[in-house]
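# A closer look at the structure
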Amino acid sequence: MKEKKNKKRKRMATQAASEDVITFALNGERIDVRPGEFDVTTTLNSFIRRQTRYKGTKLACGQGGCGACTVDLSRMENGHVVHVSVNSCLRPLALMDGWAVTTTEGLGDSKNGFHPIQERIAHFNGTQCGFCTPGMVMTLYSALKEKPERTMQELEARMDGNICRCTGFRPILDAMRSFASDSNTQNDINKDIPFTHGPYNTTNDPKFPDFLNTVSRTRSLKFSDPLSRTWFRPSSLLEALQYSATLPSDQTKFVHANTAIGYYRDDNETIRNYIDISNLTELVQTSIDQEHGLTIGAGNTITSFISALRATEASNGAGNPNKVRHLTALANHAYRVAGIHVRNIASVGGNLMIAKKRGFVSDLATILLGAKANVTVVSSDGKGGLVNKTVSLEEFLITPQLEVNQLLSSVTIPWTNENTNFATYKAAPRPQQAVATINSAFWFDVDRNSGKVEDVVLSFGGVMNQDQSGSHAVRAKRAEQAIKGQNIREKKTIEAAMEALKQDFRSNAGERDAAGGDEKYRERVVSGFLYKNFISVLGAIGPNGGDVKIDNRVASATVDPAERREVSRATHKFADVEETKEKKTGLVGKPIPHISGKIQAAGEAVYTDDIGEVEGTLYCAIVHAKHARRTLTGIDASKALALPGVVTVIDARDVPGKNNYSGVGGEIEVMVEIGKLVQYHAQPIAAVVARTEILARRGAALVEGTYEALAGDKKPVTSIDEALREGGEFITPLRNEYKVGDADKEDAAELQEGEYRANATVRIGSQHHFYMETQNAYVIPDEDDTFTVYSPNQWPDAANMAVATVLGLPASRIRIVNRRAGGAFGGKISHNILIAAITAIASRKLHAPVRLSLDRTDDFRICGGREETKAEYNVKFDKTGKIKSLRMEGYINAGFVPDMSFFTNNSFAYAVTETYHVDNLKSSCTLVRSNLPNRTSLRGPGETQASYTMEHIIANIAHVLNKPANEIRERNFLAAQETGVNGKPVDASHLPEVWNKCKEMSDFERRSAEVEVFNRDNRWKKRGLEMSTVKYEVSIWRKEALVNIYGDGSIVVNHSGSEMGQGMNTKVAQVVEYELSKIGCKIGLEKIRFGDNRSDVMPNAMFTGGSTGSEGVAEAARRAAEILAGRLGTIRSILIAKALKEKVVETATNLLPGGTTEAKTEIPSAAPEPPQLDDAVPWKDLCMAAKMMNINLQAQGVWEGSGKSELSYHIFGAAASEVEVDILTGEVSIRRVDIAYDNGRSLNPAIDIGQCEGGFLQGVGHWLRENVVHGADGRHESSNVFKYHPPCGKDVPQVWNIELIPREWERGVMSSKASGEPPLVLATSVALAVRSAVGSARKDAGQNDFFILEAPITPEIIQEACGTKDSELR
């Protein structure tokens, strides 16, 4: 595609520097941007992606929470080049003056050679979908440029600003650690790829551009954008304050890095005047006063703040080590603020200001309040001078907002003394990159002899209503009064403090919030933190009288597993490929890295939003409904249409065909029609088309809908229970039921001696797909009313038919194109169609190319994920634990329309027995509707919920009988040959092998005993070690492949599968290369490339899902290659037989009748087959000969997926997981995971192990981290990366062992088995381990009843379930 000649950029990028030009470097190139021609809210990411040729830097969240947008910034400071990694999605373009920007394209590429970091990540299998990979590359690059000699611990810690949804992080961490100075990391998968431990040779790294040395970052700069908003960069603090005094305070903002915009998205809509204070030297000074303390300028970044703390302590800058007893704790806590890319540029002052102004739960505000910090506020005196006012941080936080001519200039941290004990604590939804639910800091001055508390400060954050003006960190004054002057070694002091603390908390506590934690949880954590600190102080001063005794059993309360976490490590085992004369496999079965890995790491891999734009491209943004379950009565677009740059507004009246985008039947409106019911909050009602993305989104915010409540003002239905109460239309007729034996009869029968019953209800919440690449589409009109629709998808046929229906055109006029998706996990089977349809409507109306890319919040709001489930069960069993009958009634919440949830509904009902035999079973599931976005399949749909439900049943039986859960499992395992609940045969003969292998790998019996001892010896830390299994049935559906061979020997494969990170193309390339090389030619994977998945090349294609897409496509491609090998093998035999291989092309021509070049269409008769000589005829020469002979070098292969080709089979696996739980906060760390997985004969162990790791960690997210919260009005309350928490780097098991158990079997594709989804189900073992740890805590608390943990098992659910009594914290 011809790339758009961006005239605007040509005007903006000039070589003429002047005072109103922002000059920076982009991969060494000079960029001069004339400020008046761009929106002041334009980010560096937007500029790079929309106005330059560099597309490697991605946009995945736009909130600074995932790291996909990471770039390296460098500039000259004091004669040295400094490097920092930053989130380009947060960085204003206006702040770029004087900086050098390096993206992954600036490091290396396929033409000039890849950078060592790019190669290493690819070789370590650290890329799957590849969307996050450029950000990973730049994170590591920036870390090593900043400090080349780093330890493995340091490099692993740098992952706190990046998210990977595909790989499970493990291979990325391995690749990063391989560059450490103390590295011992091994690549035990790709052992044949050499690498050198330690820092790499930086000789070829980009050099700092000389032209930037002349750019003055301190000169004044002032300009206005097209919307008359001003940006002013003063040259001094006085100039900044004098200018600000002339502006309205509610429209003016001081800007240092603007990182708060990632959290508070509304700032850009109200601010008219921006004052850039990022280069003011007065705000970055650090000084030491021997009497008053350490003063740090408010303009210092959080990273600089941490460095200043560590440097002051290390250098004994205070002159007395007793003065700096708090600095390590402050620095360690500050390192947990946000992620590294935010800490690198966010300022201390900015963090404190959003705490003061917006009620942000700031870690810095809390810990500095606890450290007795003072702050200095500076203002202009109106006479050309400055006035400084120093107040306590406490006073600063509680007093009214600063005036427009006032600025926070510095923070002073007073010194400690020899009696000071200082500690900080944080409870958060995940270990890294998470806003605190509760944080605290404690300062205790205690006389070691008497135990008298001479001074005390108790600081807490998160106890007031979060994100509300007037909320802030507070001191627990009543509790302080109860402690001060008392003997800390006396029990009455602790009792009085705890009672007073309750009063303090309740006077400040707020309502439940979506970020995590309700009021009761926060109150318990506040008490827990104070209790931890009492133990810490008592441990520090030692026993000396008093009635409080601290034994080892409670001392573990003060230990933070995240702080003491060691470097993670992993092992992988798989069968080596056996090359024998009887069975040659070539490259099949070998651990080949992802064939696109290097170009993904280098930013060369093209995703839909990277496609170069044609001239006249417009941008689209969706208008979302602001109410649910109300009638849309009108749409007012006048304000949007009045906005310069807005081209049009479309709604349902602009749909030329049918207003229905459903790909599976049924009715799903593209946009709500006026007069019809809005089904869910944020449902699309219109869309704005404009000349820029920013304008489109701004215009969408100006479109207003009007709504009318239903009779009786009916409220939205958001849960299964509400749907069941409401009844009627919310209960669909879709009900799946499976029966074996007669469960009703067995359940009704009286219990005999030695028989038992148990029943309970299991509830499981939703989960978002969180594919790194959000939903997007690019539609280009063509001749004769045809349209090319670029759409990352898993089902091009559904998109093809739906877009055709919406546009009222034949399917042949719609060309759906997809090269790769940046992750999908089921979320791009149907949700992508809505985005493609809206974009296509706009494109057809305007006959112009249109692009629509959702931001992360909108993606969350309109793309439902995994279905919530509810299961009510009744189980009957005997005294040995053998299940006699099981009745399970399940429900799933499909959202407002069933869509793909019918599949989950069936899977849940079918899979509930998992690897267990049940003589009498009645399992059913009913699909209910609600006023939420339509859910759809998500990796392991129905199966993972079934596993969790069944394992709770096993746990219930074990509890009743007081037996180990594993004994119950083994008592009920499937027999070697069974008939499944769906009537299909189940070969479970190797289930015992998988189970026993996992027990052996994990050393389960020994470690179980160790866990028991640990739990006996520790009250406030508990461990759990549990196992779970999976039986996963898959089917290989129809797939097609087209293999084309060119005369030079290069090969292009088109197929009907969707490459979305699962390594499909890599496996297919291996199979094709193997099949073609069987004729005796050496080929190599480098000759094979893949064409786009196109609906005009592969029409009517089945979706890619269910874990078997790679197998189906591989077999279809193998069949095509087999056809071609037959043709080429005949030619090769003839050439060898006539001994004409030196001049293959000439000889092949002479073989034609009469020596002419006119070719026959039929293949010449084969000569007698001579002995096979590998590469006797070079592949390239053979292909050219075939071409000259007019041999057809194109072949199609089809895996029919039905009839004789129907293939369903079962996969088995087992996992053992060990966790540690903080009983006082509910936080979980995963210590070790062992997985034994039935993979048949893997087509590619590197790919399959990657799928195991990625799937498993995604399952961990479902069970522990990812909490989808909707309010009573249907509003999505966790729709950003600060309130929705996929697993992070520290969620990776500290020890992770995986073994692929090889097994020959006849029915698979080259004996392989699928790997995408079953490992996710094995993450149930982590949930069970948490439950086991909680059970130990409950036992200590005197609670021995059976309990169920609702999922996701968030810290508040865990902490409440532990049953800790107030009296225990005394």
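Scanning the chain for helices and strands turns up 40 helices and 45 strands. Principal-axis analysis of the C-alpha atoms gives the chain an extent of 110 × 95 × 70 Å. Taking all 1370 residues of the chain together, the buried fraction comes to 65%. Partitioning the contacts of the chain with sequence separation of at least 6, the portion at a separation of at least 24 is 78%. As displayed, the chain has an accessible area near 47,200 Å², and 48% of this comes from carbon and sulfur atoms.

Before going further, it helps to spend a moment on helix α4 (residues 133-146). For α4, with 14 residues, the first-to-last C-alpha span of 20 Å sits near the 20 Å given by 1.5 Å per residue. Buried residues dominate α4, accounting for 12 of its 14 residues. Of the positions making up α4, those classed as buried are T133, P134, G135, M136, V137, M138, T139, L140, Y141, S142, A143 and L144.

Ranked by size, the top nonpolar core spans 294 residues in total, and within it F444, L458, L1076, W1179, F1256 and V1330 carry the most contacts. A per-element tally of this core places helix α34 (residues 1109-1137) first, with 12 residues. In this structure L458 touches A441, F442, F444, V474, R475, A476, A479, E480, I483 and L530, once residues within four positions along its chain are discounted. A365, L368, V391 and W443 belong to the second-largest nonpolar core, a separate cluster that totals 48 residues.

What the 5 strands build is an open sheet, ordered β26-β34-β33-β32-β27; its pairing is mixed. In the strand order of this sheet, the two ends are held by β26 (731-740) and β27 (755-764), each with one partner. Strand-to-strand twist across the sheet, computed as the mean angle between neighbouring axes with direction ignored, equals 10°. Here helix α28 (residues 901-911) sits on the sheet in contact with β26, β32 (868-878), β33 (883-893) and β34 (921-928), set at roughly 30° to β26.

Glancing now at the sheet that holds strand β39 (residues 1051-1055). With mixed pairing, the 4 strands of this open sheet are ordered in space as β40-β39-β38-β42. Either end of the sheet is taken by a strand with one partner, and the two such strands are β40 (1088-1090) and β42 (1194-1199). Between one strand and the next, the sheet's axes are offset by a mean angle of 25°, whatever the strand orientation. Alignment of strand β38 (residues 1039-1045) against β39, held across 5 bridges, turns out to be antiparallel. Note on β39: the bridge partner recorded for L1042 is N1054. Packing against the sheet, α34 makes contact with β38, β39 and β42, and its axis sits at approximately 140° to β42.

In this structure the tally under the stated criterion is 109 salt bridges. For R50, the salt bridge goes to D609, with nearest N and O atoms at 3.1 Å. On the criterion of sequence distance, the pair formed by R50 in helix α2 (residues 44-51) and D609 in the loop between α20 (597-601) and β20 (618-624) is long-range, its members being 559 residues apart. In this structure, R50 and D609 share a single accessibility class: buried. Three or more residues are tied together by salt bridges with common partners; here these are R49, R50, K58, D609, D610, E613, E693, R697 and R851.

Okay, the packing of aromatic side chains next. Throughout the structure, instances matching the rule amount to 30 aromatic pairs. Ring plane angle 70° and centroid distance 5.5 Å describe the contact between F442 and F460, whose orientation is recorded as edge-to-face. Here F442, found in strand β16 (residues 438-446), pairs with F460, found in strand β17 (residues 453-461); they are 18 residues apart in sequence, far enough to count as distant. Under the relative-accessibility criterion, F460 is labelled buried at 3%. Measuring from ring centre to ring centre gives 5.0 Å for F973 and W995, while their planes differ by 75°; the resulting arrangement is edge-to-face. Taken together, the residues span a long stretch of sequence, with F973 in the loop between α30 (965-972) and β35 (977-979) and W995 in helix α31 (residues 991-1002) at a distance of 22 residues. When sorted by exposure, F973 lands in the same class as W995, which is buried.

Take helix α37 (residues 1245-1265) next. Its 21 residues give α37 an end-to-end C-alpha distance of 29 Å, which sits within 8% of 30 Å, the value for a rise of 1.5 Å per residue. Where burial is concerned, most of α37 is hidden: 21 out of the 21 residues are buried. Between the side-chain oxygen of the N-cap and the backbone nitrogen of A1246 there are 3.0 Å, and the N-cap of α37 in question is N1244.

Where helix α3 (residues 116-123) contacts α4, the two axes come as close as 10 Å, and the packing angle between them is 130°. On the basis of the axis angle, α3 is oblique to α4. Seen from above, α3 lies across α4 with right-handed handedness. Contacts between α3 and α4 pair I117, Q118 and I121 from the former with T133, M136, V137, L140, Y141 and L144 from the latter. Grouping the amino acids of the contact of α3 with α4 by side-chain chemistry returns 7 nonpolar, 2 polar and no charged.

Running from N to C, α37 and helix α39 (residues 1324-1340) cross one another at 40°; their axes reach a closest spacing of 8 Å. As judged from the angle between their axes, α37 and α39 are oblique. Contact with α37, carried on its side by F1256, V1260, W1263 and L1264, involves T1324, S1325, V1326, A1327 and V1330 of α39 and no other residues of that element.

Attention shifts here to the pairing of strand β1 (residues 22-26). For β1, the buried fraction is high: 5 of the 5 residues fall into the buried class. Residues of β1 alternate between two faces, with I22, F24 and L26 on one and T23 and A25 on the opposite face, all of them buried. Of the pairings in the sheet, the one linking β1 to strand β2 (residues 29-33) comprises 5 bridges and is antiparallel in character. Each bridged residue has a counterpart across the sheet, and for T23 the counterpart in β2 is D32. Between β1 and the antiparallel strand that follows it, β2, lie 2 residues; N27 among them carries a positive phi value of about 50°. By the bridge criterion, 2 bridges tie β1 to strand β5 (residues 100-102) in an arrangement that is parallel. Residue L26 lies in a different strand from β5, and its bridge partner there is V101.

It is worth spelling out the state of the cysteines at this point. Such a bond, covalent and formed between the sulfur atoms of two cysteines, is termed a disulfide. Under the counting rule described, the total for this entry stands at 0 disulfides. C69 provides the cysteine sulfur closest to C89, a residue in no disulfide bond, and the two sulfurs are 3.6 Å apart. On the basis of relative accessible area, C89 is assigned to the buried category, the value being 7%. Considering cysteine sulfurs only, C863 is the nearest to C620, which forms no disulfide, with 14 Å between them. The buried category is assigned to C620, whose relative accessible area is 5%.

Turning our attention to the side chain of N659. Within the secondary structure layout, N659 lies in the loop between β22 (646-651) and β23 (677-678). Residue classification places N659 among the buried residues on the basis of a relative accessible area of 10%. Polar contacts involving the side chain of N659 include one to the main-chain carbonyl oxygen of M671, which spans 2.8 Å. One polar contact links N659 to E673, side chain to side chain, over a distance of 3.1 Å. Setting aside residues no more than four positions away along its own chain, N659 makes contact with A652, I668, E669, V670, M671 and E673.

A few words on the environment of N419. Tracing the backbone shows N419 in the loop between β14 (406-413) and β15 (420-427). Considered as a pair, N419 and D447 are 28 residues apart in the sequence and their alpha carbons are 6.0 Å apart. Residues contacting N419, with those up to four places away along its chain left out, are F444, D445, V446, D447, R448 and E454.

Residues at a pLDDT of 70 or more form 94% of the chain, whose mean pLDDT is 92. Between residues 1139-1145, whose pLDDT stays under 50, and residues either more than four places distant or in other chains, the model counts 11 contacts.

Let us look at the side chain of H123. Here H123 is to be found in helix α3. Setting aside chain neighbours within four positions, we find H123 in contact with N187, N190, I193, P593 and K598.

The linkage connecting A1351 with the following residue, P1352, adopts the cis geometry, with an omega of 0°. In this structure, P1352 sits in the loop between α39 and α40 (1355-1361). With a phi close to 55°, R629 is a non-glycine residue in the positive phi region. Locating R629 in the fold gives a position in the loop between β20 and β21 (630-636). In this structure, E914 takes a positive phi of about 50° despite not being glycine. The buried category is assigned to E914, whose relative accessible area is 1%.

Thresholds applied
- Residues numbered from 1 in each chain as written.
- Predicted model: local features only at pLDDT ≥ 70, side-chain atom pairs only at ≥ 80, totals over all residues.
- Heavy atoms only, no water.
- Helix = DSSP H or I, 4+ residues; strand = E, 2+ residues; numbered from the N terminus.
- Buried < 20%, exposed > 50% of the residue type's maximum accessible area, 1.4 Å probe, protein only.
- Contact = heavy atoms within 4.5 Å.
- Areas by Shrake-Rupley, 256 points an atom, 1.4 Å probe, with all protein chains shown as cover.
- Expected span 1.5 Å × (residues − 1).
- Core = buried A, V, L, I, M, F, W, Y, C linked by side-chain atoms within 4.5 Å.
- Pairing = 2+ DSSP bridges.
- Axes fitted to C-alpha atoms, helices over the stretch in contact; angles between N-to-C directions.
- Salt bridge = Lys/Arg side-chain N within 4 Å of Asp/Glu carboxyl O.
- Phe/Tyr/Trp six-rings, centres within 6.5 Å; stacked < 30°, edge-to-face > 60°.
- Polar contact = N/O pair within 3.5 Å; in protein donor to acceptor, adjacent residues only side chain to side chain.
- Parallel < 35°, antiparallel > 145°, perpendicular 65-115°, else oblique.
- Left-handed = near helix turned anticlockwise from the far one by under 90°.
- Nonpolar A, V, L, I, M, F, W, Y, C, P; charged D, E, K, R; others polar.
- Disulfide = S-S within 2.5 Å.
- pLDDT = per-residue confidence, 0-100.

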